[in-house]
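Understanding the architecture of this molecule
Now for the letters of each chain:
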Amino acid sequence: GAVVSQHPSWVICKSGTSVKIECRSLDFQATTMFWYRQFPKQSLMLMATSNEGSKATYEQGVEKDKFLINHASLTLSTLTVTSAHPEDSSFYICSAAGTSGRALGTGELFFGEGSRLTVL
Amino acid sequence: AQSVTQLDSQVPVFEEAPVELRCNYSSSVSVYLFWYVQYPNQGLQLLLKYLSGSTLVKGINGFEAEFNKSQTSFHLRKPSVHISDTAEYFCAVSDSPGTGRRALTFGSGTRLQVQP
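We now turn to the structure provided with this report.

Analysis parameters
In this numbering scheme, every chain counts its residues from 1 along its sequence in written order. For naming, the first written chain is A and the first written ligand is 1, with later ones following in the order written. In keeping with the model being predicted, local features are shown solely for residues with a pLDDT of at least 70 and side-chain atom pairs are shown and tallied solely at 80 or more, while totals for entire chains, interfaces and linings include all residues. Side-chain descriptors were evaluated using all non-hydrogen atoms of the structure, hydrogens and water having been removed beforehand. A run of DSSP states H or I qualifies as a helix once it reaches four residues; a run of E qualifies as a strand once it reaches two. Both are numbered from the N-terminal end. Note on exposure labels: buried denotes an accessible area under 20% of the residue type's maximum, exposed denotes more than 50%, and partly exposed covers the range between, all computed with a 1.4 Å probe on protein chains only. Between two residues, a contact is recorded if the distance between any of their heavy atoms is within 4.5 Å. Only the protein chains shown count as covering a residue, and every accessible area follows the Shrake-Rupley method with a 1.4 Å probe. Only strands joined by at least two bridges in the DSSP assignment are considered to pair. Remark: nonpolar core denotes a set of buried residues (Ala, Val, Leu, Ile, Met, Phe, Trp, Tyr, Cys) joined through side-chain atoms within 4.5 Å.

1. Quick notes on the overall build of chain A
A count of helical and extended segments in chain A gives zero helices and 11 strands. Within the span of chain A, comprising 120 residues, buried residues form 52% of the whole. The long-range share in chain A, meaning contacts at least 24 apart out of those at least 6 apart in sequence, stands at 57%. Carbon and sulfur atoms make up 54% of the accessible area of chain A, which amounts to about 5,700 Å² in all.

2. What to know about the pairing of strand E8 (residues 76-81) of chain A
Residue and element names in this part refer to chain A. Burial of E8 is extensive: six of the six residues sit out of reach of the surface. As defined by bridge partners, strand E3 (residues 19-25) adjoins E8 across six bridges and the pair is classed as antiparallel. Note that in E8 the partner of Lys20 across the bridge is Thr80. With five bridges joining them, strand E7 (residues 67-73) and E8 adopt antiparallel strand pairing. Among the inter-strand pairings, Phe67 is bridged to a residue of E8, identified as Val81.

3. A closer look at the nonpolar core
Counting 28 residues, the largest nonpolar core has Trp35, Leu48, Leu76 and Tyr89 of chain B as the members making the most contacts within it. Only strand E2 (10-14), strand E3 (19-21), strand E5 (32-38), strand E6 (44-50), strand E8 (64-68), strand E9 (73-78), strand E10 (87-94) and strand E12 (110-115) of chain B provide two or more residues apiece to this core. Ignoring anything within four residues of it in the chain, the contact list for Leu48 of chain B reads Leu33, Phe34, Trp35, Val57, Lys58, Gly59, Phe63, Glu64, Ala65, Phe74 and Leu76 of chain B. Val4, Val62, Phe67 and Leu117 of chain A belong to the second-largest nonpolar core, a separate cluster that totals 25 residues.

In structure tokens, the structure reads:
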């Protein structure tokens, strides 16, 4: 199937610093990507929908100034956690639906491997 | 609005025994249903999906699920589990099958623990 890659897979940072997580669709184009957050032993909660070339759409309760999303190209979306605090520690997962190539029309969202953020 | 309910947070089962993971959904429009598996510290892998057609859907790793519209259910089954099936399983629903514009709504997950 189509491949979505996230980087870094894990990161540890000090409180107050900013962390950028990248999400790339490797063999297809994705005009829309989704960012999820997963707390330990819990389900995935949608944070925002990232649209190429336009502003992201944030879910209720998600601070857009805290979680900056940039979807600069059809294969890359980034999530920046600004001024991170320990409560931001979580597993962040991105996903994308294929809009080209073999991923087109499959009805499937392809998920990245996830990025584990630990804020000390 | 859509929602997904996975009633069982944990399902312990012995190796080679059958298993069923339950999923119920609610939606006011047509739905498209998915089961994903997540291994520790990894992303999600699609097991199977129901978009249309036959209500019995076969997926990877020997899993299958049946869409039951009247009972609003999409239970996941496997006739004989292996130790390697130990993982977290998520049921998810979407009201948009292939446009890629809508995110999935996930259930709370079911931890399948296969014991020797």
